[in-house]
Amino acid sequence: MAKEPARASNGSRAGINDDIGEKMRLTMYRMQVEIRESEQRAFDLFLQNLVKGTSHLSLGQEAVATGFAAAMKPGDLSFCTYRGHAHTLARGVPIEKVLGELMQRDNGLMRGKGGSMHLTSVEHGVMGSYAIIGAHLPIACGAALRAQYRGDSDVTVCFFGDGTTNIGAFHEALNFAAVWKLPVIFVCENNLYMEYTPIGDVTAVEHPAADRASAYGLERIIVDGNDADAVYRAAITAYDKARGGGGPSLIECMTYRHSGHSRADPAKYRPDGELEKWKERDPIKLYRERLKQFGIADDVIAGIDADVMRRVNEATEACKAAPPPSLDLLTTDVYADGGFAWRN
Amino acid sequence: MAELTYRDAVARGIAQEMERDPDVIFFGEDVAKPGGVFKATVGLYEQFGGRRVRDCPISEQAILGAAMGAAMTGLKPIAEIMFSDFLAVCFDYIANEFPKSRYMSNGQLKCPLVVRTGNGAGSRFGAQHSQSVENWAMMIPGLKVVAPSTPRDVIGLMAAAVRDPDPVIFFEHKSLYATKGEVPDGEIVDQLGSAKIVRPGKDATILALALMVPRALAAADKLKAEHGIDCEVVDVRSLVPLDTQTILGSVARTHRLFTVEENPRLCGWGAEIVSIVADEAFYDLDGPPVRITTPHIPLPAADILEDIALPTADRIVERVHRSMQ
């Protein structure tokens, strides 16, 4: 990958002057810890019956959201799935807004109208979290079509799971984006399970996304999704290609979710030892070691950990104190006039 | 003023909006270079070029999804789904994505787009290329739904749909494409949610939509000539928003209500209107409201079967006359 001097020297100091640099590494470490602790807190709040409905956690998958978000520019757009807390937080959406939505409080990102599966923050470039498998891949194409049509420089990034690669919209969107060379990046988070079923049991190829890339004239790209640096580098390459008019990329990130598919799933279908094996490659554990290799002091790391915990605690308390949504929200924003009138 | 076909009115309506607003783009299957399988979009590619008028792969989900993504980030797309029956293969966008994004995001996301689609029977295409499915769209909160019956209304309602900030499903009737009508010169802009009294009358109100409007008008002429029954015919035009004031006003004058619906009977649009009238104008009525519909069947291909499936002018005359005796 071509290294840009500005990026290579960004925050670097002697001894760790590689393409990523200390400042970006500390940013990515903080981001991963923030996602981990926020989601762990969401799980704890669920057990206290303070998070309602369902939620789908990215515990163990933090490096994917982090690497891609860290490489984005302001104005770039993210399209997420129902497993979208990580991607939303990674764009800078405050923890309180996310937890508030999960707790269905008035301080939530959508004031409780969307819930865990539909996190949206347009001001942060989070153009929605989509809970119908595959639906957002074509929508991301449309956002990229707008950028191409207007000559805007933003890139659209669309995240989805391995299960999505077997639905029609995935294939329609890949072809559509490739034919028109749209500035869109499709990111498959392959966590090995579509929901409860191993993806390999129901897919004709070993790599559900990457092995289909050639059907759309795209490069076969597989990335270590537990290594934020590897994800970041793949993201930079794909963004540069898209911004340069080179069209879409399809990137398969190999990762693993530490929890079940959703709150209802204890994940008993896993073979013995699989989770333990992947936890040895926990992205946050790996990244802490990486920071140490590059000479970051223990107290700097501990300081980030403590600061994140403080912010998660503050957000939790703010959400617990927040009121439920006001009842008038029931009928607002069905139509653009703000209301729900369908007749005169 | 010039005479124009309904099919040519589609192209003129789209062109009017594309000339006005560079954010309007148009795409679908075979719509650009071929000019549409119904030849309703001839000339748009030549006039506006391949960046704004595009031929798509046979990928209905990609077409509607891309329209949504373009709309939510600032464009005003018009997307074509060739036959309205095909809305079933991309119904996620119609049912789950377009109409719910604004609500779920607490007003952050917008979805100003138009889906044009060829609706209705009469071409002997059989059960999967002939349906009237406007009621599929009508039942979904967050959508707007229109179905013009004349060339003038095609242009005016197209302009209203493109300029509307909400997702609009625009049902064009395939059996009306060849029909002609007078169209004024210059820009035509209508408004959504307005029904039109197309034939005043004092004895009964007949509500109709799209292809059923000319049939209701023909029936009204016969009812007057043969039975002395003076019917008011209302072209509903817009199912959402629904112009209940015009409908209730007409019923208050005539005291009788008939609906003429091409959709199959169960949960057709007339059922909702009859329920509104029963609820709000019961004491205006001198007799039970009557729905004249296609039966609860898939549509047959054979011409003699398709012809008796849909409400005809004769069936309307017979049913109204029987009820008014």
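Treat the numbers as computed from the prediction; the structure is a model and nothing was measured. Here, residues in each chain are numbered from 1, in the same order as that chain's written sequence. Chain A is the first chain written and ligand 1 is the first ligand written, with later ones labelled in order. Local features are withheld for residues below a pLDDT of 70 in this predicted model, meaning they are given only at 70 or higher, and side-chain atom pairs are given and counted only at 80 or more; totals for whole chains, interfaces and linings count all residues.

Visitor: Looking at this structure, I do not really get the overall build of chain A. What am I missing?
Guide: Helix and strand definitions follow DSSP, with helices as H or I runs of at least four residues and strands as E runs of at least two, each counted in order from the N terminus. In terms of helices and strands, chain A carries 11 helices and 6 strands. We compute the radius of gyration over the C-alpha atoms and compare it with the globule rule, which gives 2.2 Å times the number of residues raised to the power 0.38. Relative to its length of 344 residues, chain A is compact, with a C-alpha radius of gyration of 20 Å against a globular reference of 20 Å. Structurally, chain A occupies a C-alpha span of about 60 × 50 × 45 Å along its principal axes. Every one of the 344 residues in chain A was classed for burial, and the buried ones make up 52%. We call a residue exposed when 12 or fewer other C-beta atoms sit within 10 Å of its C-beta, buried when the count reaches 20 or more, and partly exposed for counts in between; the C-beta positions come from the backbone.

Visitor: For this particular structure, what's the right way to read the environment of Ala40 of chain B?
Guide: All names here are of chain B. Within the secondary structure, Ala40 is located in the loop between strand E2 (24-28) and helix H2 (44-48). A residue is classified by how many C-beta atoms lie within 10 Å of it, and Ala40, with 25 of them, is buried. C-alpha separation for the pair Ala40 and Tyr177, spaced 137 residues apart in sequence, amounts to 7.7 Å. Remark: residues whose backbone-derived C-beta atoms lie within 7 Å of one another are considered to be in contact. Every residue in contact with Ala40, bar those within four places of it in the chain, is listed here: Arg7, Val10, Ala11, Glu172 and Tyr177.

Visitor: Explanation requested: helix H8 (residues 228-243) of chain A in the structure shown.
Guide: Note on helix geometry: an α-helix contains 3.6 residues per turn, so any two residues three or four positions apart are oriented the same way. All names here are of chain A. How far a helix is expected to stretch is found by multiplying one less than its residue total by 1.5 Å. Here H8 spans 22 Å end to end across 16 residues, near enough to the 22 Å set by a 1.5 Å rise per residue. Along H8, the residues that are buried comprise Ala228, Asp229, Val231, Tyr232, Ala234, Ala235, Ile236, Ala238, Tyr239 and Ala242. In the core, the buried residues of H8 are packed alongside helix H2 (22-47), helix H3 (62-71), strand E4 (184-190), strand E5 (221-224), strand E6 (249-254) and helix H10 (283-293). Following H8 by one or two positions, Gly245 has its phi on the positive side, about 85°.

Visitor: Quick question: what am I supposed to make of the sheet that holds strand E14 (residues 290-294) of chain B here?
Guide: The pairing of strands in a sheet happens through backbone hydrogen bonds and is either parallel or antiparallel. Residues and elements named next belong to chain B. Strand order in the open sheet formed by 5 strands is E9-E11-E10-E13-E14, with mixed pairing between adjacent strands. The open sheet terminates on both sides in strands that have one partner only, identified here as strand E9 (196-199) and E14. Neighbouring strand axes in the sheet, compared pairwise and without regard to direction, differ in orientation by 25° on average. Strand pairing is assigned whenever DSSP identifies at least 2 bridges connecting the two strands. Sheet topology places strand E13 (residues 257-264) next to E14; 5 bridges connect them, and they run parallel. For Thr259, the partnering residue across the bridge sits in E14 and is Arg291. Sitting on the sheet, helix H11 (residues 313-324) touches strand E10 (204-208), strand E11 (231-235), E13 and E14, and the angle it makes with E14 is about 160°. Axis angles are defined between N-to-C directions and span 0 to 180 degrees, where every axis is a line fitted to C-alpha atoms and, for a helix, only to the segment in contact.

Visitor: Just to check I follow, could you spell out the interface of chain B and chain A for this structure?
Guide: Where the parts come together, the accessible area they lose is often given as the size of the interface. In this assembly, 40 residues from chain B lie in contact with 36 residues from chain A. Every element with two or more residues in the side of chain B that touches chain A is listed here: helix H3 (60-72), helix H4 (91-104) and helix H8 (244-254) of chain B. Among the elements that make up the side of chain B that touches chain A, the one with the highest residue count is H3 of chain B (9 residues). Think of it as three bins: nonpolar holds Ala, Val, Leu, Ile, Met, Phe, Trp, Tyr, Cys and Pro, charged holds Asp, Glu, Lys and Arg, and polar takes everything else, Gly as well. Per-class residue counts for the side of chain B that touches chain A are 17 nonpolar, 16 polar and 7 charged.

Visitor: Where do I start with H10 of chain A in this structure?
Guide: All names here are of chain A. Within the sequence span of H10, burial applies to Pro283, Ile284, Tyr287 and Leu291. Along the long axis of H10, the arc covered by the buried residues comes to 90°, so they all point the same way. Of the residues in H10, the exposed ones pointing more than 90 degrees away from the buried face are Lys285, Glu289, Lys292 and Gln293. Against the buried residues of H10 lie H2, H3, H8 and helix H11 (298-321). Once H10 ends, the next one or two residues include Gly295, with phi positive near 85°. As used here, the arc is the angular range of directions from the helix axis to the C-beta atoms.

Visitor: Can you walk me through the domain arrangement of chain B in this structure?
Guide: All names here are of chain B. Either an automatic procedure or a domain database provided the assignment from which the domain bounds are taken. For chain B, the assigned domains are domain 1 (2-183) and domain 2 (196-324). Domain 1 puts 26 residues into the contact, and the matching count from domain 2 is 22 residues. Elements with a contribution of two residues or more to the side of domain 1 that touches domain 2: helix H5 (134-138), strand E6 (144-146), helix H6 (151-163) and strand E7 (168-173). Across the side of domain 1 that touches domain 2, the residue classes tally to 12 nonpolar, 10 polar and 4 charged.

Visitor: For this particular structure, what's the right way to read the sheet that holds E6 of chain A?
Guide: Residue and element names in this part refer to chain A. Judged by pairing direction, the sheet is parallel, and its 6 strands sit side by side in the order E2-E1-E3-E4-E6-E5 without closing on themselves. At either end of the open sheet lies a strand with only one pairing partner, and these are strand E2 (126-130) and E5. Here the strands of the sheet are splayed against their neighbours by 20° on average, with no regard to which way each runs. In this sheet, E4 lies alongside strand E3 (residues 156-161) in parallel orientation, the contact comprising 6 bridges. Within the sheet, the bridge partner assigned to Val157 lies in E4 and is Ile185.

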